[in-house]
Amino acid sequence: MATGISIDRHDPAARLAAFNRVSTESVDDAAEAIGRIFCPHALMPARRTTEFFALHNSAVFGALSVNYVAYGGSVSIDPGCLERFFLLQIPVHGSARIQTACRDIATAPGACASLLSPTVPTRMSWEGNCAQIILLVDRRLLEQRAAALSGRPAGAVEFEPAIDLSSAAGRALQSQILEFVDLAERLGPRRPLSPTAAANMRETLLGALLHGQHHSASDAMNRFGGRAETLPQSLRRAREFLHAHADEPLDLAQLAAAAGTGIRALQLGFRRHFGMSISEMLRDVRLAHLNVRLSAASPDERITDIAFELGFTHLSRMASAYRAKFGETPSATLRGMN
């Protein structure tokens, strides 16, 4: 929605200008238009002023989008629960105050960003002609990846909402988002991102979020991923072997030899440290690989072919286990991520 106003006059440093979706000086129009893109929300200028404007540029790449959002003056935004997506907000200029159910944080350029989870009620105040680069990540995509990495069924993931932009992880995440913005600007709105580039970008950003930021599934991911300090080296080696040979039939003698321990010790170790049997771990690894493959596959690829390549021989059991873990059928993932 554009009203003919000059974007440059309001924000000459705006990013993603070729992807403009909203450009208006009307509060009601801004709330309605941006609400359609993100989610319905209450928008209120802090005081009646002629400074108000709203600018939203958005480049969409499947289950991810990168956005540049700016408001003139100071505004309060009340979206409640986001429900469908996670929102990473990196301040460009101005500042913002974020209030969640249990936290109150202040964000500012180079100091602190915010990461909002879909199940946590949120209210925000953007101060002083604030602009932010915002990454939107589909909830299903991130929760399924957390399930693949944690050995648990897909469920709600809630992040620590404050990101320290001076930390190594914060700097790396901001750099990756800016690379995403640069790539979108180079391509422009008429050139699609290639499937390979889209998959690489998706994996990079999911990895940065799930491994670089603390969240409710972090401990389970560390345990399942073999990064817990108490995990014996033999179990680390065994799990690495399962990942590397997930498409092969399970050979306990070969696995024990690779781990450097006996079969019985390995079986007991899996139960104690991972909370599952070796065969259950292998099935979960295969399901995780299948989820990643389906997320990146083209719609004309056959689920059956991918499943057989990953070592699944009973397709009905595979489909049942996949649905129990990720909350949808393999075909739904294949259709939904493209």
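Just so we're clear, the structure is a prediction, and the values are computed from it rather than from any experiment.

### Quick look at the overall build of the protein
Here is step 1 of the chain: On a plain count of helices and strands, the protein comes out with 13 helices and ten strands.
Here is step 2 of the chain: On C-alpha atoms alone, the protein measures out to a radius of gyration of 23 Å, which is about the 20 Å that the 2.2 N^0.38 rule sets for 338 residues.
Here is step 3 of the chain: The principal-axis extents of the C-alpha atoms in the protein amount to approximately 75 × 45 × 30 Å.
Here is step 4 of the chain: Burial statistics for the protein: of 338 residues in total, 49% are counted as buried.
Here is step 5 of the chain: At a minimum sequence separation of 6, the contacts of the protein that also span at least 24 residues come to 70%.
Here is step 6 of the chain: Carbon and sulfur atoms form 51% of the exposed surface of the protein, whose accessible area is close to 15,500 Å².

### Points about the confidence of the model for the protein
Here is step 1 of the chain: Summing up the model confidence of the protein, the mean pLDDT is 89 and the portion of residues at 70 or higher is 94%.
Here is step 2 of the chain: Strand 8 (residues 112-116) holds the highest mean pLDDT among the elements of the protein, 96, whereas helix 1 (residues 7-10) holds the lowest, 53.
Here is step 3 of the chain: Confidence over residues 1-8 falls short of pLDDT 50; this stretch has 20 contacts with residues more than four positions distant or in other chains.

### Brief notes about the packing of helix 4 (residues 168-187) against helix 5 (residues 195-212)
Here is step 1 of the chain: As a packed pair, helix 4 and helix 5 sit with axes 10 Å apart at the nearest point and diverge in direction by 160 degrees. By the criterion of interaxial angle, the relationship of helix 4 to helix 5 is roughly antiparallel. Read as a crossing pair, helix 4 and helix 5 show a hand that is left-handed. Residues A169, L173, Q176, I177, F180 and L183 of helix 4 pack against M201, T204, L205, A208, L209 and G212 of helix 5.
Here is step 2 of the chain: A class-by-class count of the residues in the contact of helix 4 with helix 5 yields nine nonpolar, three polar and no charged.

Conventions adopted
Residues numbered from 1 in each chain as written. Predicted model: local features only at pLDDT ≥ 70, side-chain atom pairs only at ≥ 80, totals over all residues. Heavy atoms only, no water. Helix = DSSP H or I, 4+ residues; strand = E, 2+ residues; numbered from the N terminus. Rg over C-alpha atoms; globule rule 2.2 N^0.38 Å. Buried < 20%, exposed > 50% of the residue type's maximum accessible area, 1.4 Å probe, protein only. Contact = heavy atoms within 4.5 Å. Areas by Shrake-Rupley, 256 points an atom, 1.4 Å probe, with all protein chains shown as cover. pLDDT = per-residue confidence, 0-100. Axes fitted to C-alpha atoms, helices over the stretch in contact; angles between N-to-C directions. Parallel < 35°, antiparallel > 145°, perpendicular 65-115°, else oblique. Left-handed = near helix turned anticlockwise from the far one by under 90°. Nonpolar A, V, L, I, M, F, W, Y, C, P; charged D, E, K, R; others polar.

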